[in-house]
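# What the coordinates show
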Amino acid sequence: MKGRFAPSPTGRMHLGNVYCALLSWLAARSEGGEWLLRIEDIDTQRSRQQWTDLLMADLEWLGLTWDGTPLYQSQRSEVYEHCFHLLQEKGLTYPCYCARADILATQAPHESDGRVVYKGTCRHLPPRPGVPAAVRLIVPDEGWAFTDLHYGLQTVNLQSDVGDFIIRRKDGAWAYQLAVVVDDALSGVTQVVRGRDLLLSSPQQMYVARLLGFTPPAFGHVPLLCNTEGQRLSKRDKSLDMEALRQRYTPAQLLGLLAHLAGLLPQPQPVESPHELLPFFTWTKIPRQDIILSEPPSLV
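Read on for an overview of the structure. (Residues numbered from 1 in each chain as written. Predicted model: local features only at pLDDT ≥ 70, side-chain atom pairs only at ≥ 80, totals over all residues. Heavy atoms only, no water.)

A word on the environment of L200. Structurally, the position occupied by L200 is in the loop between β9 (191–195) and α7 (201–212). Each C-alpha atom of the pair L200 and T155 lies 9.7 Å from the other, and the pair is 45 residues apart in sequence. (Helix = DSSP H or I, 4+ residues; strand = E, 2+ residues; numbered from the N terminus.)

Below is the structure:
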């Protein structure tokens, strides 16, 4: 049993990040499993070592310790290259000259980010030598079903609900959907816990895993913490980032707040260590609806 937490070091973590980290940690530790840390820094233009250092310090401040050495995606290009060529050899890739989705291809494609289904515009176009192109993976017109650990049975048609997706960006950067599959498989990850806005990424990753001969992990998605406008928290919500939270709460208070938001405690109360929450963790307690926050609730 291995779980993982895979933040992007593009800014300070916020309440939603550590909420997901705690649930991922609890899901793995409650089964006696390991919990790995992966730094998803393939977006070299936005990733910074200072954010990596801070996110590690924030996790340690909360007592969310990881096993082994953190994995850095920026150091794994040769591994991605190998798997990329395996997909090319299957005849399932083609160059794409469209620009919009390529811009964010290295990042997790959250449903709330206005994701659109790609209609295969470039699938049958002849190559344009010398013209920069992303590379897309052809998906089949077939249904995929999987059982999410929290939201139950999910059924998706890859072609109509997702469309061909990018596995390598125009500038040569590796896309999220390729790198995450390769890293989870080669790290032995068996369970992925993350926000429910990534539900639609699961069948894409299962498809890539199948093509590469990997066994995909089990997926468990959790509700989002949202601002007053109903948008998932982001690193722009400065009042809810870890810098502000560490000024307002002790680690015990913040753990208690997170446990309350996750449905594990009836009210916020200090929790000295995340280990104290292990007896309370069960998927049935976690809410299914997103949680709207105007600001972090006060402790009772």
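Our focus in this paragraph is the pattern of salt bridges. A side chain with one charge can pair with a side chain of the opposite charge if their charged atoms come near. Throughout the structure, instances matching the rule amount to 15 salt bridges. Between R4 and D184 there is a salt bridge, and its shortest N-O distance comes to 3.0 Å. Here R4 is found in strand β1 (residues 2–5), whereas its partner D184 is found in helix α6 (residues 176–186), with 180 residues between them in sequence. Each member of the pair R4 and D184 is classed as buried. One salt bridge in this structure joins R123 and D164, with 2.9 Å as the shortest N-O distance. Here R123, found in the loop between α4 (100–103) and β5 (134–137), pairs with D164, found in the loop between α5 (158–162) and β8 (165–168); they are 41 residues apart in sequence, far enough to count as distant. Put simply, R4, R38, E40, R76, D183 and D184 are held in one network by salt bridges that share partners. (Salt bridge = Lys/Arg side-chain N within 4 Å of Asp/Glu carboxyl O. Buried < 20%, exposed > 50% of the residue type's maximum accessible area, 1.4 Å probe, protein only.)

Moving on, we come to the nonpolar core. Among the nonpolar cores identified, the biggest contains 47 residues, and L15, Y19, W35, L59 and L254 are the most heavily contacted of them. Of all the secondary-structure elements, those providing two or more residues to this core are α1 (15–29), β2 (34–39), α2 (49–62), α8 (242–248) and α9 (251–261). Counting 37 residues, the second-largest nonpolar core is a separate cluster that includes F165, V182, M206 and V208. (Core = buried A, V, L, I, M, F, W, Y, C linked by side-chain atoms within 4.5 Å.)

One open sheet holds the 3 strands; their spatial order is β4-β5-β8, and the pairing between them is antiparallel. Of all strands in the sheet, those with a lone pairing partner are β4 (93–96) and β8, marking the two edges. Recorded for the sheet is a direction-independent mean angle of 45 degrees between the axes of neighbouring strands. Sheet topology note: the β4/β5 ladder contains 4 bridges and is antiparallel. Bridging from a neighbouring strand, P95 pairs with V135 of β5. Contacting β4, β5 and β8, helix α3 (residues 77–89) runs over the sheet at an angle of about 130 degrees to β8. (Pairing = 2+ DSSP bridges. Axes fitted to C-alpha atoms, helices over the stretch in contact; angles between N-to-C directions. Contact = heavy atoms within 4.5 Å.)

This part covers the sheet that holds β2. Here 3 strands make up an open sheet; going across it, the order is β1-β2-β3 and the pairing parallel. The sheet is open, and its two borders are formed by β1 and β3 (71–72), each paired with just one other strand. Judged from the 2 bridges that link them, β2 and β3 form a sheet pairing that is parallel. The residue of β3 that forms the bridge with R38 is L71. Its contacts with the sheet place α2 against β1, β2 and β3, and it is angled at close to 160 degrees to β2. Where α6 meets the sheet, its contacts fall on β1, β2 and β3, and the angle it forms with β2 comes to roughly 145 degrees.

Turning next to the packing of aromatic side chains. Considering all chains together, one arrives at 6 aromatic pairs under this definition. Ring centres of W144 and Y207 lie 6.1 Å apart, and the angle between their planes is 80 degrees; this geometry places the pair in the edge-to-face category. Of the two residues, W144 is situated in strand β6 (residues 143–148) and Y207 in helix α7; the sequence distance between them amounts to 63 residues. Each member of the pair, W144 together with Y207, is buried. Centre to centre, the rings of F281 and W283 are 5.7 Å apart; their planes meet at 70 degrees, and the pair counts as edge-to-face. The class of F281 is buried, set by a relative accessible area of 12%. For the cation-ring pair, R128 lies above Y97, with the distance from its terminal atom to the ring centre recorded as 4.4 Å. Residue placement shows R168 over the ring face of W174; its charged tip is 3.7 Å from the ring centre. (Phe/Tyr/Trp six-rings, centres within 6.5 Å; stacked < 30°, edge-to-face > 60°. Lys NZ or Arg CZ within 6 Å of the ring centre and 35° of its normal.)

Spatial relationships are all this shows, so hold off on functional conclusions.
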